[in-house]
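Structural characterization, general
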Amino acid sequence: MEDGGWVHVPRPAEKDYWNPTAVQENSNGEPSSSQPLKLIFTSPAKYWTDAIPIGNGRLGAMIWGGVAKETLQLNEDTLWTGIPGNYTNPNAPAALSDVRKLVDDGQFTQATKEAIKLSDHPSEVYQLLGDMILEFDTSHLKFDEETYHRELDLDTATTTVKYSVGDIEYKREYFASYPDQALVTRLSGSEKGSLSFTLYMDSKMHHHSFVQENNQIHFQGSCPGKRIPPRLNAGDNPKGIQFSALLNLQIGGDTGVISDVDGRKLKVEGADWAVILLVASSSFDGPFTNPIDSKKDPSSDCKTAMTSLRKLSYADIHAHHLDDYQSLFRRVSLELWKSSKNVLGSAHLNAEKQIAADESVPFTGSENTTVSTAERVKSFQTDEDPSLVQLLFQYGRYLLISCSRPGTQVANLQGLWNKDIEPPWDCAQHLNINLQMNYWPALSCNLKECQEPLFDYISFLSINGTKTAKTLELLAAAHAQMVHAPNGSSVLISQEASRSEVSDLAIIDKVERSRQGPVRSKSVSRGRKMRLGTKETAADLRLRWSGVSPNLRFLKGNLQSGISCSSVVRVNYEANGWVVHQVSDIWAKTSPDRGEAVWAFWPMGGAWLCTHLWEHFVYSMDTDFLKNKAYPLLEGCVQFLLSWLIKGPGRYLETNPSTSPEHMFIAPDGKQASVSYSTTMDTSIIKEVFSEILSAAEILGRTDDELIQKVREAQQQLPPTKISRDGTIMEWALDFIDPDIHHRHLSHLFGVFPGHTITLQKNPDLSKAAENTLTKRGEVGPGWSTMWKAALWARLHRKEEAYRMVKHLFVLVDPAHESEYEGGLYSNLFTSHPPFQIDANFGFSAAIAEMLVQSTVKDLYLLPALPRDKWPNGCVKGLKARGGVTVNVCWKEGDLHEVGLWSTDGNRIQRLHYGGRTVNASLLSCKIYTFDSELRCIRTYSLSQVASC
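Now for a quick tour of the structure. Note that the coordinates shown come from a computational prediction; the quantities given were computed from them, not determined experimentally. (Residues numbered from 1 in each chain as written. Predicted model: local features only at pLDDT ≥ 70, side-chain atom pairs only at ≥ 80, totals over all residues. Heavy atoms only, no water.)

Brief notes about the overall build of the protein
- Per the secondary structure count, the protein includes 21 helices and 36 strands.
- Classification of the 949 residues of the protein by burial places 61% in the buried group.
- The contacts of the protein with a sequence gap of at least 6 include a subset with a gap of at least 24, amounting to 71%.
- Carbon and sulfur atoms make up 48% of the accessible area of the protein, which totals about 34,900 Å². (Helix = DSSP H or I, 4+ residues; strand = E, 2+ residues; numbered from the N terminus. Buried < 20%, exposed > 50% of the residue type's maximum accessible area, 1.4 Å probe, protein only. Contact = heavy atoms within 4.5 Å. Areas by Shrake-Rupley, 256 points an atom, 1.4 Å probe, with all protein chains shown as cover.)

A few points about the environment of Arg939
- Note that Arg939 resides in strand E36 (residues 937-942).
- Taking the C-alpha atoms as reference, Arg939 lies 5.9 Å from Tyr929; in sequence the two are 10 residues apart.
- A polar contact of 3.5 Å, which involves the side chain of Arg939, links it to the backbone oxygen of Asn19. (Polar contact = N/O pair within 3.5 Å; in protein donor to acceptor, adjacent residues only side chain to side chain.)

With respect to the state of the cysteines
- For the structure shown, the criterion picks out one disulfide.
- Note that Cys875 is cross-linked by a disulfide to Cys890, the S-S spacing being 1.9 Å. A residue pair is termed long-range when its members are at least 10 positions apart, and Cys875 in strand E30 (residues 873-881) and Cys890 in strand E31 (residues 885-892) qualify at 15 residues.
- Residue classification places Cys875 among the buried residues on the basis of a relative accessible area of 7%. (Disulfide = S-S within 2.5 Å.)

Description of the packing of aromatic side chains
- On inspection of all chains with the given rule, the structure shows 34 aromatic pairs.
- Aromatic pair Phe601 and Trp644: ring centres 6.4 Å apart, planes at 45°, arrangement tilted. Of this pair, Phe601 sits in the loop between helix H13 (597-600) and helix H14 (605-620) while Trp644 sits in helix H15 (residues 623-644); the two residues are 43 residues apart in sequence, bridging distant segments of the chain. For the pair formed by Phe601 and Trp644, the shared burial category is buried.
- Taken together, the ring pairs in this structure connect Trp440, Trp602, Trp608, Phe750, Phe753 and Trp788 into an aromatic cluster.
- If you follow Arg405 out to its NZ or CZ, it ends over the ring of Tyr178, 4.0 Å from the centre. (Phe/Tyr/Trp six-rings, centres within 6.5 Å; stacked < 30°, edge-to-face > 60°. Lys NZ or Arg CZ within 6 Å of the ring centre and 35° of its normal.)

Overview of the pattern of salt bridges
- Using the criterion set out here, one finds 41 salt bridges in the structure.
- For Lys419, the salt bridge is made with Asp420, and the minimal N-O distance between the two is 3.2 Å.
- Overall, Lys419 belongs to the partly exposed group, its relative accessible area being 32%.
- For Asp420, a relative accessible area of 19% translates into the label buried.
- Ionic pairing is found between Arg908 and Asp905, a salt bridge with its closest N-O pair at 3.1 Å.
- On the basis of relative accessibility, which here comes to 15%, the residue Arg908 falls in the buried class.
- Taken together, the shared-partner salt bridges connect Lys768, Glu771, Arg798 and Glu801 into one network. (Salt bridge = Lys/Arg side-chain N within 4 Å of Asp/Glu carboxyl O.)

Here we look at the pairing of strand E33 (residues 908-914)
- Burial analysis of E33 places five of its seven residues in the buried class, the great majority of the element.
- Summarising the sheet, E33 and strand E34 (residues 917-923) pair through seven bridges and their orientation is antiparallel. Each residue of the ladder has a partner; that of Arg908, found in E34, is Leu923. (Pairing = 2+ DSSP bridges.)

Some remarks on the environment of Lys880
- One can find Lys880 in strand E30.
- Once the C-alpha coordinates of Lys880 and Leu447 are considered, the two residues, 433 residues apart in sequence, prove to be 9.2 Å apart.
- Leave out the neighbours within four places in its chain, and Lys880 touches Leu443, Ser444, Asn446, Tyr619, Val885 and Thr886.
- Within the structure, the side chain of Lys880 is placed 2.7 Å from the side chain of Thr886, a separation counted as a polar contact.

Let's talk about the sheet that holds strand E15 (residues 257-261)
- The antiparallel open sheet is built from seven strands, whose spatial order is E3-E4-E5-E6-E11-E16-E15. Where the open sheet ends on each side, the last strands, each with one partner, are strand E3 (52-55) and E15. Neighbouring strand axes in the sheet, compared pairwise and without regard to direction, differ in orientation by 20° on average.
- The pairing of strand E11 (residues 195-202) with strand E16 (residues 265-271) spans four bridges and is classified as antiparallel. Across the sheet, the residue bridging to Leu195 is Ala271, located in E16. (Axes fitted to C-alpha atoms, helices over the stretch in contact; angles between N-to-C directions.)

Quick word on the sheet that holds strand E7 (residues 144-153)
- Taking strand neighbours across the sheet as the criterion, the nine strands line up as E2-E7-E8-E9-E10-E17-E14-E13-E12 in an open arrangement whose pairing is antiparallel. The sheet is open, and its two borders are formed by strand E2 (38-41) and strand E12 (206-212), each paired with just one other strand. On average, adjacent strands in this sheet sit at an angle of 15° to one another, irrespective of strand direction.
- Summarising the sheet, strand E10 (residues 182-189) and strand E17 (residues 273-282) pair through six bridges and their orientation is antiparallel. Paired with Ser188 across the strands is Trp273, a residue of E17.
- Those strands touched by helix H4 (residues 314-329) are strand E8 (158-165), strand E9 (168-177), E10 and E17, and its axis lies near 55° from that of E9.

Quick word on helix H7 (residues 386-403)
- Given a rise of 1.5 Å per residue, 18 residues ought to cover 26 Å, and the 26 Å separating the end C-alpha atoms of H7 matches this to within 8%.
- Most of H7 is tucked away: 18 of the 18 residues are buried. (Expected span 1.5 Å × (residues − 1).)

Some thoughts on the nonpolar core
- Judged by nonpolar contacts, the single largest core of 236 residues is most densely connected at Phe197, Tyr395, Tyr398, Trp788, Phe844 and Ile848.
- Not counting residues up to four positions away in its chain, the partners in contact with Tyr395 are Leu39, Pro53, Leu152, Leu154, Asn828, Leu829, Phe830 and Asn841.
- Core analysis: the next-biggest nonpolar cluster, separate from the first, contains 13 residues, Leu277, Val279, Cys302 and Tyr314 among them. (Core = buried A, V, L, I, M, F, W, Y, C linked by side-chain atoms within 4.5 Å.)

Okay, here's the thing in structure tokens:
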């Protein structure tokens, strides 16, 4: 298991395929690197947010770096409370009818109160695995504090802890391997036989552990079957997810021994080195399998994994880890310099020299690698150190690689890491900004594989969301016209039909009309009775039975109980699509959250997620993905949106009820309310999704599909984005008074970013109103809000404002008093709401990329929001642009110097934009093109010279 001096030779890095002719010069007149990409700590962690996160997407740890006692707090991403849920609400139809009528009548306060009846149960809760603990002898209490060093190297995804006790230097190394699915720890002392410690596991979860084979610890536990454990009868608590972990300990040295302590601990004495391998598994078998029915045996899975792992040396495991991780991380580099001193060098830097520069530890500038990262954050407001911006940008990429990989769960509110049984906001997936922001950097920052768990998750949501959508189609009853059966035929229920006649109506899976030809009705205005072109009662309908479905029996029951209908009832049983609200969990919850409508009722979560499917296509140009994955999900989403839209009093289609996430307004009665109709975010997301499916249909040759025709018709009837009397974007359909103008959410600016329906080129008036909106919102807010503002300002090409939001994040948060802060960073660079939420870490990386490169499928905007006076010189390599183009940009003295572009999956024609100049560039596949500051092509060469293509 010991490496025996093995040396890892890295593969060529994608970021080094292209090199500029300008390099930064140090004081000796030689090219220099910026500060190494490391988080530095000069003491052990005192708080959880001082610990260092590592992860392989599924299995994670927070490394505290204690001396006499080391703790690795562990997480496995499938450990959640609960079991698969029922995401329908039989009481919702009547409630929605009442809410809609109140909205129609302008009684928004009452509608808000009534809408609480649309809420459902809360999400389930993300749990923790436990702790791996190492206890050292009392001599370690006398360590030399000056020698203590703890770091996270982003380039190798490895954490190191070093300190000295007397003349002995102790060293610990930790990494999480994705290819070998293990957490790996290596400990050593500088003198033979100097390593002694006790190893065991513990947890806040229900668990037990035992020693086996004298060098392994088996750890088994379970998650609660309910989010709040029952207190009356343990039998009421269903069986939850079961889990196991397995530790394997190997030591080296002539004098080292391992002994069993109390049947659950392992004691090491007199070893030279030790390697600890940890694997973990759970009984979770997908969101639709009840844990009690799961066939997975986590203990057996752990034993099988460990058997394979033990055949590998430590050097093998480490090499696998580096090959895998660096193939992702080294795709992108970012270097920012304040100094204006540049030199012209050779056209092509030697790849080995470039790699060596990237990995060099010494820094000859003003920075000192012995200064902790926390101290650097503290000083940022005065020194505005650009290398700290580089570090946080790359840290976001590191975290995404560490918490979201193919085959894992989607990144939750804290990514992968969690220390609590009851974490803030359940650590659940929040779909009104937070989950989406988690994946903002995946495409632009060249980590598209890390999005795969999101697409798997959307697929799961679409299945449960179909059931919820059927309930919500019932919710649409008060304003609809037809009842549609699964075979596409329709029946009409007239308002004039008696209650008894309606109760006799047999709602069935297959329905045939006795009369031929469609039943038509005239349009209806808000709050007015519909006039029917043809009048029928239930007695006029002749129906043929073919098995009664539960959902149809449910509708019949509600009709018998008297659903309030302003006109007729429509239920879509075939093409009703799928819907998701704003909070979900591992079980793919799709129904509304609990509580007030302001945070519970928002049925646009699935639609927003679908925009990520289209974005993946336009970045990758992968038509197989578009056809087989994205389009079917978009279809279902659009089917729901079409059925959810209803005709308003004017010529526009509306969403009703509608909320702007988590934000209230002052209703005409002077009271605060949240429920109205057609909020700007609703219509912006719908416009985005409609535009995407129309474009997708054109690419796939499906423009004649009936669904696409309906989308075209509906698209023309969506309300426009409006400007309020104070010159800002209206957040609601009516120009309500906003009681909280500095509210954290920026929902009404979705069309600017991440959407594309408001652009500087096509909508200058709305773009100006968006600027006014951002100014009105202010700069103070949670970390994720700050980063959304940074991306919005960047999209509007407002570099000074974008940079101010970047700078705003660099405030060191004291965990002991975190409630006193708005946003900021903890000492381990986790972003703060407060408390910790990981979304802003990802939002930061995405915002920086947006400041440097923006794109459409045909257009590439270079340095659109570069803060020239803050980052006058720099180079970014490996960013991705829409159209499948890799982008490399270098600048000096605040102006563009050189651009390198290539595409590997087809020829591209791009319009390059910089400084008011636009040129057309034809890019042949697998060729690297270099353009100068005038956007003239000055050099081309084959990509195959540096990489396979």
